[in-house]
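Listed below are the residues making up each chain.
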Amino acid sequence: AVVRGRCLPYGEGITYWPLAEILKGFAGVLDSDPPELTLEKIRKAGRELLTEEVTSDPGRATAALAYTVNVADPEFDFSSMEPREVRQEVHAGWRSFFSALAAETPLVVIVEDIHWADPALLDLLDESSERSPSRSRTRNFGTHIAHASLTRSPIVTTSSRASPARSCFNSA
């Protein structure tokens, strides 16, 4: 499976924008869908994909994914949590999502314009590669402008030098 999202150069609430694009594509969410329908589609996708084999609480992981697209699940209130806790929930949800996809078939995650990525997104991509039970079946790639300054040198590697558990971010 190949999933794709792109980083935006500026804006509010765009930290996980590439992941929101991936989730909306996977769940069949349209930008014109009202929040109730968006949540229904994400819950359906979560029920089909997230099992107790990849997460201890599939409903909570699904709610964390929905939170990524700015849709609140009334059964799980992330708005009252500390930002650090929300980040942990979102990261755990996405690790479960990627693990579940990679358990079915090898997975390629493409994040375009990675030079605009927030450090939290880069951390999540690293975590999903390093801590996933399916890490040998997952590859992360990012495209960036060749002259862009990338400060995360551990992430910027070539695919020929990367170990199976490392993220591979190459220039386009």
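An account of the accompanying structure is given in this report. Small disclaimer: the values here were computed from a predicted structure and weren't measured.

## Regarding helix α2 (residues 35–49)
Here is step 1 of the chain: A rise of 1.5 Å per residue sets the reference length of α2, with its 15 residues, at 21 Å; its end C-alpha atoms lie 21 Å apart and thus fit the reference within 8%.
Here is step 2 of the chain: Among the residues making up α2, those that are buried are T38, L39, I42, A45, G46 and L49. End-on, the buried residues of α2 take up no more than an arc of 125 degrees, which puts them together on one face. Residues E36, E40, R47 and E48 are exposed on α2 and point more than 90 degrees away from its buried face.

## Side note on the environment of E52
Here is step 1 of the chain: You can see E52 is positioned in the loop between α2 and α3 (58–68).
Here is step 2 of the chain: Placed 44 residues apart in sequence, E52 and S96 show a C-alpha to C-alpha distance of 9.7 Å.

## Regarding the nonpolar core
Here is step 1 of the chain: L19, W94, F97, F98, V109 and L121 are the most contacted members of the largest nonpolar core, which has 42 residues in total.
Here is step 2 of the chain: Elements with a contribution of two residues or more to this core: α1 (17–27), α2, α3, α4 (83–104), β2 (107–112) and α5 (119–130).
Here is step 3 of the chain: Broken down by element, this core gets its largest block of residues, eight residues, from α4.
Here is step 4 of the chain: Beyond its immediate stretch of four places on either side in the chain, F98 contacts V3, L19, L107, V109, L124 and S128.

## So, the side chain of D33
Here is step 1 of the chain: The residue D33 is located in the loop between α1 and α2 in this model.
Here is step 2 of the chain: At a separation of 2.9 Å, a polar atom in the side chain of D33 contacts the main-chain amide nitrogen of L30.
Here is step 3 of the chain: There is a polar contact of 2.7 Å between the side chain of D33 and the side chain of K41.
Here is step 4 of the chain: Not counting residues up to four positions away in its chain, the partners in contact with D33 are G28, T38 and K41.

## Remarks on the side chain of S96
Here is step 1 of the chain: Checked against the element boundaries, S96 lands in helix α4.
Here is step 2 of the chain: Not counting residues within four places of it along the chain, the set of residues in contact with S96 comprises L50, V54 and T55.

## A few points about the sheet that holds β2
Here is step 1 of the chain: The parallel open sheet is built from three strands, whose spatial order is β1-β2-β3. Each edge of the sheet is formed by a strand with only one pairing partner; in this case those strands are β1 (2–6) and β3 (138–142). Across the sheet, the axes of successive neighbouring strands diverge by a mean angle of 15 degrees, strand direction being ignored.
Here is step 2 of the chain: With five bridges joining them, β2 and β3 adopt parallel strand pairing. Across the sheet, residue V111 finds its bridge partner in β3, namely G142.
Here is step 3 of the chain: The strands touched by α1 are β1 and β2; relative to β1, the strand with the most contacts, the crossing angle is about 135 degrees.

Here is what the cut-offs are and how they apply
- One numbering rule holds for all chains: residues counted from 1, following each sequence as written.
- Side-chain atom pairs in this predicted model are given and counted only at pLDDT of 80 or more, local residue features only at pLDDT of at least 70, and totals for whole chains, interfaces and linings cover all residues.
- Computation of side-chain values: all heavy atoms of the structure, hydrogens and water removed.
- Numbering of helices and strands runs from the N terminus; a helix is a DSSP stretch of H or I covering at least four residues, while a strand is a stretch of E covering at least two.
- The span expected for a helix works out to 1.5 Å for each residue beyond the first.
- The rule is simple: take the accessible area with a 1.4 Å probe, protein chains only, and divide by the maximum for that residue type; under 20% is buried, over 50% is exposed, in between is partly exposed.
- The directions from the helix axis to the C-beta atoms form the arc being described.
- By nonpolar core is meant a set of buried Ala, Val, Leu, Ile, Met, Phe, Trp, Tyr and Cys residues that side-chain atoms within 4.5 Å join together.
- Two residues form a contact once any of their heavy atoms are found within 4.5 Å.
- We define a polar contact as two N or O atoms separated by no more than 3.5 Å, with the added condition that, inside protein, one atom must be a possible hydrogen donor and the other a possible acceptor, whereas residues neighbouring each other in sequence contribute only through side-chain atom pairs.
- Any two strands between which DSSP finds at least two bridges are classified as paired.
- For every element, the axis is a line fit to its C-alpha atoms; helices are fit only across the contacting stretch, and the angle between N-to-C directions ranges from 0 to 180 degrees.

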